[in-house]
Amino acid sequence: MRFEKRKEINMKLRTRTAGLLVAAIACLSMAVSPVFMSNEQAMASEVDTQDVTGAGLVMTDEMYDQIDGKYVKDLQADPEMAVLMDDPTFLRYFDIADNGKITKKQVETDEVDQFIAEMDANAEGISDSEIVEMNSDMSCMGCGVSGLGKAQMPGKYCSQTRYHCIDISYWQGKITDANWQKIRNAGVTHVILRVGYSGLSNGKHNPDSVFDNNIRGAYKAGLKIGVYYYSTATTSSEALSEAKYTVELLKNYKDMITLPVAFDYETGGRLSASVMKKSGNASCTAYCDYIKSSGYTPMVYANYVTLTNYLDYKTLEGKYPIWLANYTTSGSATTYPGNYCIWQYSSSGKVNGLSGSIDINYVFNNGQGGFTAEGTNPSMTATVPSSTEKSYKIITRSKMNIRTGPSTSKKKVGTVTKGKAVYATSINGSWAKLTNGYYMSLSSCKFVAKTTTSVNYRTGPGTKYKKKGTYSKGKTITVISIKNGWAKMDNGRWLSAKYIKIQ
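Residues numbered from 1 in each chain as written. Predicted model: local features only at pLDDT ≥ 70, side-chain atom pairs only at ≥ 80, totals over all residues. Heavy atoms only, no water.

1. Remarks on the overall build of the protein chain
- Along the protein chain, the regular secondary structure elements total 14 helices and 24 strands.
- By the burial criterion, 53% of the 503 residues in the protein chain qualify as buried.
- Across the protein chain, every contact between residues at least 6 apart in sequence was considered, and the portion connecting residues at least 24 apart equals 67%.
- With the model as given, the accessible surface of the protein chain reaches about 21100 Å², and the carbon-plus-sulfur share is 48%. (Helix = DSSP H or I, 4+ residues; strand = E, 2+ residues; numbered from the N terminus. Buried < 20%, exposed > 50% of the residue type's maximum accessible area, 1.4 Å probe, protein only. Contact = heavy atoms within 4.5 Å. Areas by Shrake-Rupley, 256 points an atom, 1.4 Å probe, with all protein chains shown as cover.)

Structure follows, in structure tokens:
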């Protein structure tokens, strides 16, 4: 979402291959005329034109389309450009047929088109000079995480507590648990993950193919998690359908989500500016109200132009949290006139654990639209595990605390409500290690276990209590509590917990 890779590519072309471009375009000059557009024209048509030589030459889509195979081969010789040549979006958008590694036929068209639309939507009215150079030394900037970059705080938010947030989708791939921990260690505390998207041409609903992997990794690393759905809804009924689809996608992850579910609303494909002006607010309302009725906090994501020109932002910000996208000149403060609780200030961020540029955001704990940066659902439940992860189901019998280690002296990081299903990877005495890496006491929990040897069961938790019988090895039992190394069964009897294994 919102990489502005077209700008990134053009910047690399300018600095790395300007001479090659001049030569390549010289042979096209008779067939293609440079196109110069005003800011208003560029914004209206969403055509990204760039001065790639620094001498007035403007690269248009048509020019890129006509660059020949030799040019492609020469680009591959540049190590930095070779990375882009492996990007199917680059290949498809610039109409490069085959670089020996991938062909356009191998590209999932709708997914790539959706990516291009996201890039275009945030490029509206933004010049090259407005891309934030993330590693520069900026004075009077906000408190940046090393490598992420900084942006100046708007005056009204200078005193607000703020957190560092990234947003992630299919385009970052499957992030490993180790890299999620690196991200957390770098100072990122919040993440917003794409759960799905609608097709640009037909509005078809699609899941994000790496969402499951990434939400589990982010959760294990202890990040606060929100999600977003990329919409192409042209009517409120379509937006409602997207909301229902979103809730269905989230059914196994609800307890992992502590931040809002955002409606990512950007022009592109079937969703034109004129359609958005006509029905945009109704679509936002339909989506967000259904999300709220399903137990989540809704949010509207849009860029500066969309909010101020196509939507009634004053009405929306009074009902829902607003996530603003606005990439400003040299990291200066946004001049957006409305209120918001998250500001996406650049698409050029860097963070340890991730390769390439990422979207970076400030999260403000300012209460806008009822938002809280600490999350509206503080539950730390470890929910349904992946099919490759060995785990055990436990049902809480009362509200339980979640801690960083197997002791009440360890830091409490959340709670699990009564009657919740959680999943553990192992049992450590009277504690369960959950699939998210945290621990929960088994003092009031129900789970199925088997005896690992022949074992006596008694009237109470200890050998001083009367023996009532003996279970043979492999006996299936239901445990409802473990205290001081003794397991209480649903029949009221007790046996030593060291002789059972959770199933």
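What follows picks up the thread again.
2. So, the pattern of salt bridges
- Summed over all chains, the structure comprises 5 salt bridges.
- Of the charged contacts in the structure, one is a salt bridge between Lys-220 and Asp-177, with a shortest N-O distance of 3.5 Å. In this pair, Lys-220 is assigned in helix α10 (residues 211–220) and Asp-177 in helix α9 (residues 177–185), connecting sequence segments 43 residues apart.
- For Asp-177, a relative accessible area of 41% gives the class partly exposed.
- A salt bridge links Asp-208 to Arg-194, with the nearest nitrogen and oxygen atoms 2.6 Å apart. Placement of the pair is Asp-208 in the loop between β5 (205–207) and α10 and Arg-194 in strand β4 (residues 190–198), with a sequence separation of 14 residues.
- Among the residues examined, Asp-208 registers a relative accessible area of 5% and is labelled buried. (Salt bridge = Lys/Arg side-chain N within 4 Å of Asp/Glu carboxyl O.)

3. Things to note about the nonpolar core
- Grouped together as the largest cluster of nonpolar side chains are 62 residues, with contacts concentrated most on Ile-166, Trp-180, Val-191, Tyr-287 and Trp-343.
- The contacts of Val-191, once residues within four sequence positions are left out, are Cys-165, Ile-166, Ile-168, Trp-180, Ala-218, Leu-223, Lys-224, Ile-225, Gly-226 and Leu-259.
- Ile-402, Val-416, Ala-449 and Tyr-471 belong to the second largest nonpolar core, which has 27 residues in total. (Core = buried A, V, L, I, M, F, W, Y, C linked by side-chain atoms within 4.5 Å.)

4. What to know about the packing of aromatic side chains
- Going through the model one piece at a time under the given rule, you end up with 17 aromatic pairs.
- An angle of 90° between the planes, with centres 4.7 Å apart, marks the rings of Tyr-157 and Tyr-340 as edge-to-face. Placement of Tyr-157 in the loop between α8 (109–123) and β3 (162–168) and of Tyr-340 in the loop between β9 (322–325) and β10 (342–349) is noted, with a sequence separation of 183 residues between them. Neither Tyr-157 nor Tyr-340 differs from the other in exposure class; each is buried.
- Plain terms: the ring middles of Tyr-313 and Tyr-336 are 5.5 Å apart, the flat faces sit at 55° to each other, and that makes the pair tilted. Placement of the pair is Tyr-313 in helix α14 (residues 313–319) and Tyr-336 in the loop between β9 and β10, with a sequence separation of 23 residues. (Phe/Tyr/Trp six-rings, centres within 6.5 Å; stacked < 30°, edge-to-face > 60°.)

5. Some thoughts on the confidence of the model for the protein chain
- Across the protein chain, the average pLDDT comes to 74, with 67% of residues at 70 or higher.
- Under a pLDDT of 50 for its full length, residues 2–112 has, in the predicted model, 187 contacts with residues more than four places off or in other chains.
- Counting contacts from residues 377–388, a segment whose pLDDT is below 50, to residues more than four positions away or on other chains yields 49 contacts. (pLDDT = per-residue confidence, 0-100.)

6. A word on unusual backbone geometry
- Even without being a glycine, Asn-484 presents a positive backbone phi close to 50°.
- Mapped onto the secondary structure, Asn-484 falls in the loop between β21 (476–483) and β22 (486–489).

7. Remarks on the environment of Gly-469
- Looking at where Gly-469 falls in the secondary structure, it is placed in strand β20 (residues 467–471).
- Expressed as a C-alpha distance, the spacing of Gly-469 and Tyr-457, which sit 12 residues apart in the sequence, is 5.6 Å.
- Filtering out sequence-adjacent residues up to four positions away, Gly-469 remains in contact with Val-455, Asn-456 and Tyr-457.

8. Quick notes on α10
- For α10, a buried count of 7 out of 10 residues is recorded, marking the element as mostly surrounded by other parts of the structure.
- Within the span of α10, buried status applies to Phe-211, Asn-214, Ile-215, Arg-216, Gly-217, Ala-218 and Tyr-219.
- In this structure, the buried residues of α10 make contact with β3, α9, β4 and β6 (224–231).
- Following α10 by one or two positions, Gly-222 has its phi on the positive side, about 85°.

9. Remarks on the packing of helix α11 (residues 236–249) against helix α12 (residues 273–293)
- Packing of α11 against α12 brings their axes to within 8 Å, and their N-to-C directions diverge by 30°. In terms of orientation, α11 and α12 fall into the roughly parallel class. In this structure, α11 meets α12 at a crossing whose hand is right-handed. Between α11, through Ser-236, Ala-239, Leu-240, Glu-242, Ala-243, Lys-244, Thr-246 and Val-247, and α12, the contact on the second element is made entirely by Ala-282, Ser-283, Ala-286, Tyr-287, Tyr-290 and Ile-291.
- Each residue belonging to the contact of α11 with α12 can be placed in one class, and the counts come to 9 nonpolar, 3 polar and 2 charged. (Axes fitted to C-alpha atoms, helices over the stretch in contact; angles between N-to-C directions. Parallel < 35°, antiparallel > 145°, perpendicular 65-115°, else oblique. Left-handed = near helix turned anticlockwise from the far one by under 90°. Nonpolar A, V, L, I, M, F, W, Y, C, P; charged D, E, K, R; others polar.)

10. Remarks on the side chain of Ser-357
- Structurally, Ser-357 is set in the loop between β10 and β11 (358–364).
- Within the structure, the side chain of Ser-357 is placed 3.2 Å from the side chain of Lys-350, a separation counted as a polar contact. (Polar contact = N/O pair within 3.5 Å; in protein donor to acceptor, adjacent residues only side chain to side chain.)

11. Re α12
- Counted at 1.5 Å a residue, the expected span for α12 with its 21 residues is 30 Å, and the 29 Å between its end C-alpha atoms agrees.
- Of all bends in α12, the biggest is about 65°, found at Ser-279.
- On the buried face of α12, the contacting elements are β6, α11, β7 (261–265), β8 (298–303), α13 (304–310) and α14.
- At the C-terminal side of α12, Gly-295 shows a positive phi close to 95°. (Expected span 1.5 Å × (residues − 1). Bend = angle between axes of the 7 residues up to and from the residue.)

12. Thoughts on the pairing of β11
- Here β11 lies mainly inside the structure; 7 of its 7 residues are buried.
- Burial along β11 is two-sided: Ile-358, Ile-360, Tyr-362 and Phe-364 facing one way and Asp-359, Asn-361 and Val-363 facing the other are all buried.
- Of the pairings in the sheet, the one linking β10 to β11 comprises 5 bridges and is antiparallel in character. Note that in β11 the partner of Gln-344 across the bridge is Asn-361. (Pairing = 2+ DSSP bridges.)

13. A closer look at the side chain of Asn-281
- Its location among the elements puts Asn-281 in helix α12.
- Residue Asn-281 is classed as buried on the basis of its relative accessible area, which comes to 18%.
- Beyond its immediate stretch of four places on either side in the chain, Asn-281 contacts Leu-311, Asp-312, Thr-315 and Leu-316.

14. Side note on the state of the cysteines
- Per the counting criterion, the structure on display carries 0 disulfides.
- The thiol of Cys-288 is unpaired, and the distance to the nearest cysteine sulfur, on Cys-284, comes to 6.1 Å. (Disulfide = S-S within 2.5 Å.)

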